[in-house]
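Analysis of the macromolecular model
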Amino acid sequence: DSWNTKRKKIAQIYTTFFEDISHIKVPQESADIEHVWHLYVIQHPFRNNLQNKLAQEGIETIIHYPMAPHKTPAYQAQQKDLHFPLTEQLSNKILSLPIDPHLAIEDAQIIANIVRDV
């Protein structure tokens, strides 16, 4: 529970820092479900530039799905002509920011500021 509480605080920091930036899309939280924030995945039009800048600052990020799932070998073996444009677009924009419960609040704010600057 304490880890979930900490991740929720970090998610709130990120969401607050990015709320006025139209080109950054943040995860949506449902009012009737308590999110545990296992991941905090944003969409950014210049994802690779952002990831590179964060890496230069020593901040590790992850692209959990660098390829649209239907384009992976597992699906290609069954159906080669699958085309899902939205999924393909999203696979080029998504980036998971650090949300580890051991991350200091101050570090989350630093990360958020770097993302804002990029």
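Data block above holds the structure.
Throughout this document, residue positions are counted from 1 along each chain, in the order its sequence is written. The predicted origin of the model limits local features to residues at a pLDDT of at least 70 and limits the giving and counting of side-chain atom pairs to 80 or more, whereas totals for whole chains, interfaces and linings rest on all residues. As a convention, hydrogens and water are excluded, and side-chain values are obtained from all of the structure's heavy atoms.

Structural notes on the overall build of the protein chain
For helices the rule is a DSSP run of H or I covering at least 4 residues; for strands it is a run of E covering at least 2, with both sets numbered from the N terminus onward. Scanning the protein chain for helices and strands turns up five helices and two strands. Each helix and strand of the protein chain, placed in order from N terminus to C terminus, yields the pattern α-β-α-α-α-β-α. A principal-axis box enclosing the C-alpha atoms of the protein chain has dimensions of 45 × 35 × 25 Å. Using a 1.4 Å probe on the protein chains alone, a residue whose accessible area is under 20% of its type maximum counts as buried, one over 50% counts as exposed, and one in between counts as partly exposed. A total of 118 residues make up the protein chain; the buried ones form 31% of that total. The criterion used for residue contact is that any of the two residues' heavy atoms lie within 4.5 Å. A separation of at least 24 residues holds for 69% of the contacts in the protein chain among residues at least 6 apart in sequence. All tallies of charge rest on Lys and Arg as positive and Asp and Glu as negative; His and the ends of each chain are not included. Note on charges: their place is set at NZ of Lys, CZ of Arg, CG of Asp or CD of Glu. Across the protein chain, the 11 positively charged side chains and the 14 negatively charged ones have centroids separated by 6 Å.

Things to note about the packing of helix H1 (residues 2-18) against helix H5 (residues 105-117)
Angles run from 0 to 180 degrees between N-to-C directions of axes, and those axes are lines fitted to C-alpha atoms, restricted for helices to the stretch in contact. Look at H1 against H5: their axes get within 9 Å of each other, and the N-to-C directions meet at 30°. Taken as axis vectors, H1 and H5 run roughly parallel relative to one another. Crossing angle aside, the handedness with which H1 passes H5 is right-handed. Across the interface between the two elements, Lys6, Lys9, Ile10, Ile13, Tyr14, Phe17 and Phe18 of H1 pack against Ile105, Ala108, Gln109, Ile111, Ala112, Asn113, Val115 and Arg116 of H5. Residues are grouped as follows: Ala, Val, Leu, Ile, Met, Phe, Trp, Tyr, Cys and Pro are nonpolar; Asp, Glu, Lys and Arg are charged; every other residue, Gly included, is polar. Split into classes, the residues belonging to the contact of H1 with H5 amount to 10 nonpolar, two polar and three charged. Orientation labels follow simple angle bins: below 35 degrees gives roughly parallel, above 145 gives roughly antiparallel, 65 to 115 gives roughly perpendicular, and whatever is left gives oblique. Two helices crossing with the near one rotated counterclockwise from the far one by less than a right angle form a left-handed crossing, whereas a clockwise rotation gives a right-handed crossing.

Structural notes on the pattern of salt bridges
Here, a salt bridge means any Lys or Arg side-chain nitrogen found within 4 Å of an Asp or Glu carboxyl oxygen. Inspection of the entire model under this criterion finds three salt bridges. Across the pair arginine 116 and aspartate 20 runs a salt bridge whose closest N-O atoms are separated by 2.8 Å. Of this pair, arginine 116 sits in helix H5 while aspartate 20 sits in the loop between H1 and strand E1 (40-43), and the two are 96 residues apart along the sequence. A salt bridge links lysine 53 to glutamate 57, with the nearest nitrogen and oxygen atoms 3.1 Å apart. Given the relative accessible area of 44%, glutamate 57 is considered partly exposed.

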